[in-house]
Structure formats: C-alpha cells, structure tokens
Amino acid sequence: MDDNFEDYFMDDEEKVEEVHQPHQETPQEREEREIKEATIERRGSSLKILLVLIAVAMAAFLAWWVWQYYFHPYRISQEKGWIMKVSNEGTVFKTVEGEMISEDYVQDTLLRMSSDFKFSITNDSLVRDAMSFAGDGRRVVLTYKEYKGTVLWRGNSRFIVTKIEPDSNLIKQNPHK
C-alpha cells in the first residue's frame, strides 16, 4: 500500500499544515516536556514504605521478645533448704551449677528424697559461699531470679542465684546450734 493516499475526510488546509509546517512548541510546553523527561516516575513508593515499616516493627517485636524471654527476670523469689552440691560445669562456657533440697520437699513425706531445686551461680563470691554451705547441714536462704529461658554463658538453669545467706529463723529458734 502506498503512503501517498488521500484522506477524503480532511480539509485541504489541514493537509497542507500537516505536511509543510512542523509543530512549534511553546516555552511552557518545552518546560513541561523537559521536567517530565528529567523526573523519574516512582511507582509503589508508598508500598515500599509500608513494607519497610512492617519489617522494622517485626524486628522491634523480635528484639523485645528476646529481651523478655532471655534477659528480663519474670520472678524474683527465695527458697529455703540445704545445698547438696555445687559444681563447675561446661566446656566452652564454664558455669557453676548447684542443687538444693528445699524445706518444702523435706516436709512432704510421700516424695522420694532427691535434690529438687537446681540453680546456677554467676558471681564468684556467691560460688565461695555456696561451696562453704554445701553438705555441712546448715539451712540457707537462696534469693534468685527466674528467667523464662536459659543462655549458655549464664548457666544450665533458669534460676540464677543472687544472694545466699544462712537461715536466720533457724538460728533464732535454736540458739545452741
């Protein structure tokens, strides 16, 4: 097909303008065209921002959960009883682990006698105190923090001893010992 066909729907004046005169752009059209060429159209930028915010929120929640589970004690309590064993355990992370028979456990005559309270000690001065009380028959009061999870360098137990002292109630009741 040849390109020199006549369009019967066009006026003769339109044919002449189309063929002979190129379109002259105005300064405003030229400026708009240059701005459009220079700018990068960003599609989905709000979606990217939303995805980044979701990722940041998930990372913050994960960090809060790890802190709550492993590093924030959820209970601080005391236990009375007799320390039976204190040992240094571990190959890479040396931790001090202990076992104690609690006073409540001894009072219940139906239970088999064994150590019912296992704990870890992180302070060196508390390790020396625990070793001095271990196996000598003196009743002690352990103050400990209980965590929901264990960390390798803190010990094998969720119970971390923060204070060891002899039971003062026993001394007041029986002053001869």
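Everything numeric in this text was worked out from a predicted model, so none of it was measured.

> Any chance you could explain the sheet that holds strand E3 (residues 117-121) here in plain terms?
Backbone hydrogen bonds hold the strands of a sheet together, and the pairing may be parallel or antiparallel. Read around the closed barrel, the five strands follow the order E1-E2-E3-E5-E4; overall the barrel is mixed. Ignoring which end each strand starts from, the neighbouring axes of this sheet average 55° apart. Bridge count for E3 against strand E5 (residues 159-166) is two bridges, and the pairing is parallel. Counterpart to Ile121 in the pairing with E5 is Val161. Sitting on the sheet, helix H5 (residues 124-133) touches strand E1 (75-89), strand E2 (95-102), E3, strand E4 (140-146) and E5, and the angle it makes with E5 is about 60°.

> How should I be thinking about the side chain of Thr95 in this particular structure?
Within the secondary structure, Thr95 sits in strand E2. A distance of 2.8 Å separates polar atoms of two side chains, one belonging to Thr95 and the other to Glu97. Not counting residues up to four positions away in its chain, the partners in contact with Thr95 are Ser87, Asn88, Glu89, Leu152, Trp153, Arg154 and Gly155.

> For this particular structure, what's the right way to read the pattern of salt bridges?
Inspection of every chain in the model, using the stated rule, returns nine salt bridges. Across the pair Glu34 and Arg30 runs a salt bridge whose closest N-O atoms are separated by 3.3 Å. On the criterion of helical spacing, the pair formed by Glu34 and Arg30 is a turn pair, its members being four residues apart in helix H2 (residues 27-38). Overall, the relative accessible area of 36% leaves Glu34 in the partly exposed class. For Arg30, a relative accessible area of 44% corresponds to the partly exposed category. Here Arg75 ties to Glu146 by a salt bridge, and the two come within 2.9 Å at their closest N and O atoms. Of the two residues, Arg75 sits in strand E1 while Glu146 sits in strand E4, which places them 71 residues apart along the sequence.

> Is there a simple way to think about the confidence of the model for the chain in this case?
Do not read the predicted coordinates in detail wherever pLDDT is low. Here the chain averages 81 in pLDDT, and 75% of its residues register 70 or above. For the chain, per-element mean pLDDT is lowest for helix H1 (residues 12-20), which scores 56, and highest for helix H3 (residues 45-71), which scores 94.

> What's the story with the packing of aromatic side chains in this structure? I'm lost.
For any pair of aromatic rings, the description consists of the separation of the ring centres together with the inter-plane angle of the planes. Counted under the stated rule, the structure contains ten aromatic pairs. Judged by centre distance (5.1 Å) and plane angle (55°), the rings of Phe117 and Tyr144 are tilted. A residue pair is termed long-range when its members are at least 10 positions apart, and Phe117 in strand E3 and Tyr144 in strand E4 qualify at 27 residues. Across the pair, Tyr144 and Phe117 agree in class, each one buried. In textbook terms, an aromatic cluster arises when at least three aromatic residues are bridged by ring pairs, as seen for Phe117, Phe119, Tyr144 and Phe159. Cation over ring: Arg154 sits above Tyr147, and NZ or CZ is 3.8 Å from the ring centre.

> What exactly am I supposed to notice about the environment of Phe71 here?
Structurally, the position occupied by Phe71 is in helix H3. You can call Phe71 partly exposed: its relative accessible area is 39%. Spatially, the C-alpha atom of Phe71 lies 8.3 Å from that of Gly149, the residues being 78 residues apart in sequence. In contact with Phe71, other than residues within four places in its own chain, are Val66, Tyr147, Val151, Trp153 and Arg154.

Reading the values: rules and limits
- Residues numbered from 1 in each chain as written.
- Predicted model: local features only at pLDDT ≥ 70, side-chain atom pairs only at ≥ 80, totals over all residues.
- Heavy atoms only, no water.
- Pairing = 2+ DSSP bridges.
- Helix = DSSP H or I, 4+ residues; strand = E, 2+ residues; numbered from the N terminus.
- Axes fitted to C-alpha atoms, helices over the stretch in contact; angles between N-to-C directions.
- Contact = heavy atoms within 4.5 Å.
- Polar contact = N/O pair within 3.5 Å; in protein donor to acceptor, adjacent residues only side chain to side chain.
- Salt bridge = Lys/Arg side-chain N within 4 Å of Asp/Glu carboxyl O.
- Buried < 20%, exposed > 50% of the residue type's maximum accessible area, 1.4 Å probe, protein only.
- pLDDT = per-residue confidence, 0-100.
- Phe/Tyr/Trp six-rings, centres within 6.5 Å; stacked < 30°, edge-to-face > 60°.
- Lys NZ or Arg CZ within 6 Å of the ring centre and 35° of its normal.

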